[in-house]
Amino acid sequence: MRHETIEYRFNARKPIRWHLTAGFPLAARMAGIAPVFASEIEAAPMLVSKRWFPEMASLGDVTKIDGARIAPVDIITFGSPCQDLSCAGRRAGLAGERSGLFMEATRIIKEMRDATNGVRPRFCVWENVPGAFSSNGGEDFRAVVEGIAGIARPGVSVPRSGRWGSAGAVVGNGFSLAWRVLDAKYWGVPQRRRRIFLVADFAGRRACEILFDEGRLPWDPAQGGTEGEALAP
């Protein structure tokens with residue numbers, strides 16, 4: 001499997017406001033997964049995706065996508081806009097215009113699973129800022145867990161939590177869901193960037209295995225040696 005590096009160049013004499021995108025498709029490609037489609041309405045991100053993923057279909061506005069009419073896939077990834085959940089934002093929560101797009105993503109997943117008799121997608125991955133844990137007193141993250149778990153088991157109820165842990169799981173009869181906070185500085189990026197990653201397995205109990213089994217993670221460092229007196233290289 002070949003890893004690809006994407007390089008972005010800018011004209012310093014003509015600064016532009018640039019929105020980098022295609023993170024999920026790039027991660028998929030690095031893991032040997034073929035990206036099939038993406039939803040985006042901003043011009044700059046669409047140009048980035050078209051340049052590096054010409055084979056990936058652009059479906060446009062997420063609110064206008066019918067999950068029953070698009071190509072069935074094995075995994076759907078999404079990161080609803082974080083502004084309404086971020087501690088740096090106004091904390092409008094899932095009721096906010098931007099972060100509320102989470103509901104559109106779960107709707108699409110439900111429509112696709114209904115159209116494929118519950119076969120596809122098998123998995124979904126959701127990513128967002130750690131502020132989601134405390135947004136609306138913790139109720140917004142409970143709504144996220146309940147909403148995604150409810151795709152596999154409609155009507156499932158998740159107990160209220162005054163404080164969500166940085167890692168956890170919900171395992172039911174034939175489905176599983178797990179979340180974990182990961183920091184980009186431990187994954188080959190020279191920047192501290194903490195994000196929640198939530199994995200759901202709608203037809204089994206592999207969510208915890210995928211997210212917590214560190215031996216399966218490509219950036220898992222090897223066990224260090226014994227302490228010595230010399231300086232580290």
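Here, the structure is the one placed above.
A quick note: this is a predicted structure, and the numbers were derived from the prediction, not measured.

How each quantity is defined
- Residues numbered from 1 in each chain as written.
- Predicted model: local features only at pLDDT ≥ 70, side-chain atom pairs only at ≥ 80, totals over all residues.
- Heavy atoms only, no water.
- Pairing = 2+ DSSP bridges.
- Helix = DSSP H or I, 4+ residues; strand = E, 2+ residues; numbered from the N terminus.
- Axes fitted to C-alpha atoms, helices over the stretch in contact; angles between N-to-C directions.
- Contact = heavy atoms within 4.5 Å.
- Core = buried A, V, L, I, M, F, W, Y, C linked by side-chain atoms within 4.5 Å.
- Buried < 20%, exposed > 50% of the residue type's maximum accessible area, 1.4 Å probe, protein only.

## Side note on the sheet that holds strand S3 (residues 75–78)
Okay, so step 1: Taking strand neighbours across the sheet as the criterion, the five strands line up as S3-S4-S7-S6-S5 in an open arrangement whose pairing is mixed. The outermost strands of the open sheet, each flanked by one partner alone, are S3 and strand S5 (167–172). When strand polarity is set aside, the average angle formed by the axes of neighbouring strands in this sheet is 15 degrees.
Okay, so step 2: The sheet contact formed by S5 and strand S6 (residues 175–183) spans six bridges and is antiparallel. Bridge pairing in S6 links alanine 167 to arginine 180.
Okay, so step 3: Helix-sheet contacts for helix H4 (residues 139–152) involve S3, strand S4 (123–128), S5, S6 and strand S7 (194–201), and the interaxial angle to S6 is about 140 degrees.

## Section: the nonpolar core
Okay, so step 1: One finds Phe78, Trp126, Phe141, Ile148, Trp179 and Leu198 to be the most contacted residues of the largest nonpolar core, which totals 32 residues.
Okay, so step 2: Mapped onto this core, the elements with two or more residues apiece are S3, helix H3 (102–115), S4, H4, S6 and S7.
Okay, so step 3: Examining the composition of this core, we find that seven residues originate from one element, H4, more than from any other.
Okay, so step 4: Excluding anything up to four places from it in sequence, phenylalanine 141 contacts Trp126, Ala132, Phe133, Trp164, Trp179, Ile196 and Leu198.
Okay, so step 5: In terms of nonpolar packing, the next biggest core, distinct from the first, is built from five residues, Val125, Ala178, Val199 and Ala207 among them.

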